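# Tertiary structure, described
Spelled out from the first residue to the last, the chains are:
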Amino acid sequence: MLVAIFAIPVAVGLIGFLLPARIVGWWATLGALASLALAVVLVAGFDATGGVLRDVVDESWIPQLGVRFQLGVDGLSVFLVLLTSLLWAAAVLWSALQAPDRPRNYFFMLGLAQTATLGCFLAQDLLLFVLCFDLMLVPLYFLVGAWGTGDRIRATIKMIVYTLVGSLLMLVGAIATAVLSADATGGITFSLEVLRRFPLADGTQYWIFCFFAAAFLVKMPAVVVHGWVVDAYRSCPLPVLILLGGVLSKVAAYGFLRIVIPVFPDASIHFQELLLIIGLASILYGSAMAFTRTGLRDIVAFSSIAQMGFITLGIFSLSGAGGDGSVLQMVNHALVVAPIFLIIALLAERTGTEDIRAMGGMAKRAPVLAALFIVVTMALLAIPGSANFVGELFILKGVFETKVAIALIASSGIAFAAFYALRMYQRTMHNPLPEGADSRELTLREGVVLVPLVACIVALALYPGLITTRGQDSVDRSLASLCEDPYGIAGEPAAVVEADCPPGIEPEPAPEAVAGRGGFDAWTGYGPAAAAGVAP
Amino acid sequence: MIETPAIDYGALSPIIALVAGICVVLLVGLIGPRGRRGLSSALTLATLAAAAGLLVWQLGEPDADLVAGALRSDGLSITIGLIVVAAAALVVPLQLRDPAAEEAGFGETHTLLLGSVLGMLLLAEAQNLISFFVALELLSIPLYVLCGSHRSRSRSLESGLKYLIVGSIGSATLLYGSAFIYGGSGGATDFTAIAQGIGADLADDPLVLIGIALVAVGLAFKVSIAPFHQWTPDVYEGAPTPITAFMAVATKAAAFAVFARFFITALGPSADQWQPALAALAAVTIVVGNVGALGQDSLKRLLGYSGVAQAGYMLTGLLLGTVKGIDALVFYLAAYMLINMAAFAVIAVRERETAYGDDITAVQGIGKDRPALAWSLTISMLALAGLPGTAGFIGKLFLIEAAVAGNYTWLGVFIVVGSMISLVYYLRVVAAIWMRPAPRLAPAMAGASTEAAGEPGLPRRTGEPGRTPSGAPSGGRCWLVLGAILAATAATVAFGIVPSPLIDFSAHAGEGLASMLGPG
């Protein structure tokens, strides 16, 4: 199942090389819809109890280097997998309607990017994760560089160099983690489930944490390392922008929850305040820039920085509520950003510009488009009743539980969001229609892509519990590493001081019990259960 | 104890096959007319195939000391031998339409090529100061000639002369260093005897240390480690492209083999002294090579500098002195061979098809009309940069894992910092392929290249009297070349996804060296 979800996009792209150029777009759409269908089936049949991994795939891959092909899905990743498939389906369908140049290469690159992204969400082997994380950049480089607009070559090289600085350091960090814990784990292994049981010494954790944080913060992007974002957003073709802004930034946030906190718990506590301040700075700076810029893409780029700042805050509140809110908010933000980019494309088509000073009055002749846009805008500013509101509420609750001062300042971010979101809506939809602009209603072709995405926002607003109930246990499980001696190494029952756990988190049961629930020990042969002589 | 030299013909058989092949190819080249390139190439390939087959057979045999201990056939020598032979086999089809081979004569070119291969095989097997030096010269001298074999092109002659001078200085330094080591270790020439002679007492003896430094410098010239790399871009640019490809890959492989064998077995007692020094050299090399490549417009110069940087990565594997480090080094060499052969072959093809020589303009816009070449060069560039999905990524992963395990984590960081810098110039090439339009000037296609080939602005003799049109270097598409390019590219990707066979292959090298160190 997971292997199929992982492999279908790139396989579809490869087969596309054999097809006539005319139909390759529709073939890719078919493939994207198939992978979406699989993802829906995965979510429908998902059992979230205990937050353990499901549908585990574990194959030997590079035994000499300790790398295994391990896939698995839990409450953290299951909705991100669905989200990835959904946005890719939208992007591929949109592209197929536009008929790009050199379609075989284009759709292959999209497929490769999807496989790499899904690989990040599914990987349970640290090296497989890093590999997929780096691999995402290759198709992105081509998509921006070959099909982008404006100063695209400079923008794409800037983006790649920026993001690779982090990712390659992360590669060293990942290898160091595996090699340095080899004595404890009994042989080099990159398996996340094993590595989190054997935390490294504090000092080692600190520098490896810095490498990982560099990779994820650049990707997110967070303030200070966001230099590539604006150029990339300006040059990126719009369907790809949906993916860049919607999904790829979430990989970074997910990486913090999946890898950094469980595997480097001491460093996460040590650097908690630094990361919270970076998140806070991202919110303030992103919001401030978003309501001074006039280009629509710039506005969305900076608002994304602000939104990702919220997610960072939620994660590094190191509390159950904050984590839950971040997982929900990741999905929310992606669902909001994707239709906004499509609407930007529609507006640019109708007015010939992406500058809000030259726009206006679009609502007059296009009420349906305006209605869809207002739904998206309301979601972006997290109006009560939207899923975004729930997400931000959870995040702020988590931060209030740990750092009150930061939570107070961060709350202002919600007000800022209302300001820039409404400004964007008003300047494009209200006011008189400028000369030369053409206020047309949504066509059927455009509606086919846009309406389902907006429907998802509405559906999630009605029932945000869909995600939080399933994510909860897995978030708790990730944060359980922060408890003192969470696993009771060597088979001893966990000796836990309640006060040492993050708010709302219970320590995990002793390893034997985990193994009994179908944990990783049974199939890695590593881990304390195996070390203690418990038959796997 | 008196040793009678027992001759192990089995272990010597690859060498014997090569020597026989050299004689046959030379004779065929003498009796035939100039145009007999097909026969000479076929015989060369047959020789290489025979050598490869015998090497593979030897891989399963136990390690053996040959020729009274002057040579040693073990996992290291055989894996390196196979890499060298494969590189030569990929060069032969490239030579088919090469103007340099056309001018110098196919028989002679191929004889020299095989001679150099023989030198490399012997160098990888050498475990004695004498055979070490003799093999190094046997490797180098044919290459000096081959670099200058495009006689009508002044750059080629310049390259040959430059290589000769620099190479001789390197050899002389090495020889001088060997003399110090011979003296310092109490008159030993065998590698194991040197190790015993140095022992724990003489490990930081000035005489020995001077010897080590000089030998390291001599070898650094050969594998182009900074600051002894200055000749590399010039020679690479001037030499005929197939020869550049061979030099870049095979020389490096053979020289690294003996570098590893000599330093780890003979100079093992002084490891604490040379390890930090080589680590510093590796770090400097990585930075210098990658920064040097940044502004290059000539693809061959670019790959020359990139080769310097790669030598820095490889040196990391060597200086660790661990089995894992050697495995990683040999894996990296094998991957580097595949990647570089594909890249140089694409450059050679474009040199013949366009008037731009090896300038980056020659590959601009080929994504549109030459997808096979474009994808091959793209994958090569991404693999050299170490992006995932290619053997280059696994190579770096292997090296970094070995470096961290060998307590040289900081060198691992240097490797990735180098990779980051390198992306700027590798991606520039990829951008030229896919994102820039083809140059205005129509490419000179089949047949027309005699007028247009060669760098613009350089005087070039156009055609010789009496040369038939069919004998002229043709820009026509050669399926054999394309096949070689695609095979190398496919292998690059395949070993990037399923690297285990290549890792198992390179593991022979570490075993071989470990067995030489033996129980003692």
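Computed from a prediction, not measured in an experiment: that's the story for all the values here.

### Structural notes on the overall build of chain B
- A tally of helices and strands in chain B yields 21 helices and 2 strands.
- Against the compact-globule benchmark of 24 Å for 520 residues, chain B has a radius of gyration of 22 Å, which places it among compact chains.
- Taking all 520 residues of chain B together, 64% fall into the buried category.
- Taking as baseline every contact in chain B between residues at least 6 positions apart, the subset at least 24 positions apart corresponds to 81%.
- Element-wise, carbon and sulfur atoms account for 68% of the exposed surface of chain B, whose accessible area totals about 17,000 Å².
- Mean positive and mean negative side-chain charge positions of chain B (27 and 33 charges, respectively) differ by 15 Å.

### Digging into the interface of chain A and chain B
- Contacts between the two partners involve 38 residues from chain A, matched on the other side by 34 residues from chain B.
- Between chain A and chain B, a total of about 3,300 Å² is buried, with carbon and sulfur atoms accounting for 80% of that surface.
- One can count 0 salt bridges joining chain A with chain B.
- Across the contact surface, chain A and chain B share 8 residue pairs in polar contact (both at pLDDT 80 or more).
- Counting only elements with at least two residues in the side of chain A that touches chain B, the list comes to β1 (54-62), α4 (103-122), α5 (126-135), α6 (137-147), α7 (152-180) and α10 (202-219) of chain A.
- Looking at the side of chain A that touches chain B, the element that brings in the most residues is α7 of chain A, giving 15 residues.

### Quick notes on the pattern of salt bridges
Residues and elements named next belong to chain B.
- In total, this model carries 30 salt bridges over all chains according to the counting rule given.
- We note a salt bridge from Glu-237 to Arg-155, for which the minimum N-O separation is 3.3 Å. Pair noted here: Glu-237 is in helix α10 (residues 231-238) and Arg-155 is in helix α7 (residues 154-184), with a separation of 82 residues, a long-range link.
- For Glu-237, a relative accessible area of 14% puts it in the buried group.
- On the basis of relative accessible area, Arg-155 is assigned to the partly exposed category, the value being 27%.
- Note that Arg-350 is salt-bridged to Glu-353, the shortest N-O span being 2.9 Å. Of this pair, Arg-350 and Glu-353 both sit in helix α14 (residues 323-353), 3 residues apart, which is roughly one turn of the helix. Across the pair, Glu-353 and Arg-350 agree in class, each one buried.
- Within the structure, one salt-bridge network assembled from shared partners comprises Arg-155, Glu-158, Lys-162, Asp-234, Glu-237 and Arg-301.

### A word on the layout of surface pockets
- Reported here for the largest pocket is a volume of approximately 1,000 Å³.
- In terms of lining residues, the largest pocket is bounded by 35 residues, among which Phe-108 and Leu-112 of chain A together with Gly-389, Val-493 and Ile-497 of chain B are the most central.
- Here the lining of the largest pocket is built from residues that sort into 28 nonpolar, 7 polar and no charged.

### Remarks on the packing of aromatic side chains
- Summed over all chains, the structure comprises 43 aromatic pairs over all chains.
- For the pair Tyr-176 of chain B and Phe-180 of chain B, a centre-to-centre distance of 5.0 Å together with 75 degrees between the ring planes defines the contact as edge-to-face. Taken as a pair, Tyr-176 of chain B and Phe-180 of chain B lie in helix α7 at a separation of 4 residues, close to a single helical turn.
- Using a relative accessible area of 52% as the deciding quantity, one classes Tyr-176 of chain B as exposed.
- Put simply, the rings of Phe-129, Phe-133, Tyr-206, Phe-209, Phe-212, Phe-216, Phe-256, Phe-264, Phe-271 and Phe-316 of chain A touch in pairs and so form one group of aromatic residues.
- The ring centre of Trp-147 of chain A lies 5.6 Å from the NZ or CZ of Arg-102 of chain A, which sits over that ring.

### Here we look at the state of the cysteines
- Taken as a whole and judged by the stated rule, the model has 0 disulfides over all chains.
- No disulfide involves Cys-120 of chain A; its sulfur sits 5.2 Å from that of Cys-132 of chain A, the nearest cysteine.

### So, helix α16 (residues 371-385) of chain B
Residue and element names in this part refer to chain B.
- Across its 15 residues, α16 extends 21 Å between first and last C-alpha, which sits within 8% of the 21 Å expected from 1.5 Å per residue.
- In terms of residue burial, α16 counts as a mostly covered element, since 13 of its 15 residues are buried.
- Directly beyond the C-terminal end of α16, a positive phi value near 85 degrees is found at Gly-386.

### Remarks on a nonpolar patch on the surface
Residues and elements named next belong to chain A.
- On the surface, Leu-284, Phe-400, Val-404, Leu-408 and Ile-409 cluster together to form a nonpolar patch covering roughly 410 Å² of accessible area.
- The dominant element in the nonpolar patch, judged by the number of residues it contributes, is helix α19 (residues 404-429), at 3 residues.
- Here Leu-408 is to be found in helix α19.

### Details of unusual backbone geometry
- Here the amide bond leading from Met-220 of chain A into Pro-221 of chain A is cis, since omega sits at -10 degrees, within 30 degrees of zero.
- Secondary-structure assignment places Pro-221 of chain A in the loop between α10 and α11 (229-235).
- Positive phi is not limited to glycine here, since Val-67 of chain B has a value of about 45 degrees.
- By secondary structure assignment, the location of Val-67 of chain B is in the loop between β1 (64-66) and β2 (71-73).
- Located in the positive-phi region is Asn-407 of chain B, a residue other than glycine, with phi close to 65 degrees.
- When you line up the elements, Asn-407 of chain B lands in the loop between α17 (391-405) and α18 (409-435).

How each quantity is defined
- Residues numbered from 1 in each chain as written.
- Chains lettered and ligands numbered in written order.
- Predicted model: local features only at pLDDT ≥ 70, side-chain atom pairs only at ≥ 80, totals over all residues.
- Heavy atoms only, no water.
- Helix = DSSP H or I, 4+ residues; strand = E, 2+ residues; numbered from the N terminus.
- Rg over C-alpha atoms; globule rule 2.2 N^0.38 Å.
- Buried < 20%, exposed > 50% of the residue type's maximum accessible area, 1.4 Å probe, protein only.
- Contact = heavy atoms within 4.5 Å.
- Areas by Shrake-Rupley, 256 points an atom, 1.4 Å probe, with all protein chains shown as cover.
- Lys, Arg positive; Asp, Glu negative; His and termini not counted.
- Charge placed at Lys NZ, Arg CZ, Asp CG, Glu CD.
- Buried area = accessible area lost by both parts, 1.4 Å probe.
- Salt bridge = Lys/Arg side-chain N within 4 Å of Asp/Glu carboxyl O.
- Polar contact = N/O pair within 3.5 Å; in protein donor to acceptor, adjacent residues only side chain to side chain.
- 1 Å grid on protein atoms, 1.4 Å probe; cavity = no way out; pocket = protein on both sides within 12 Å on 5 of 7 lines; lining within 4 Å.
- Points joined across faces, edges and corners; volume = space filled by probe spheres on them.
- Nonpolar A, V, L, I, M, F, W, Y, C, P; charged D, E, K, R; others polar.
- Phe/Tyr/Trp six-rings, centres within 6.5 Å; stacked < 30°, edge-to-face > 60°.
- Lys NZ or Arg CZ within 6 Å of the ring centre and 35° of its normal.
- Disulfide = S-S within 2.5 Å.
- Expected span 1.5 Å × (residues − 1).
- Patch = residues over 30% accessible without salt bridge, like charges linked within 9 Å, V, L, I, M, F, W, Y side chains within 5 Å.

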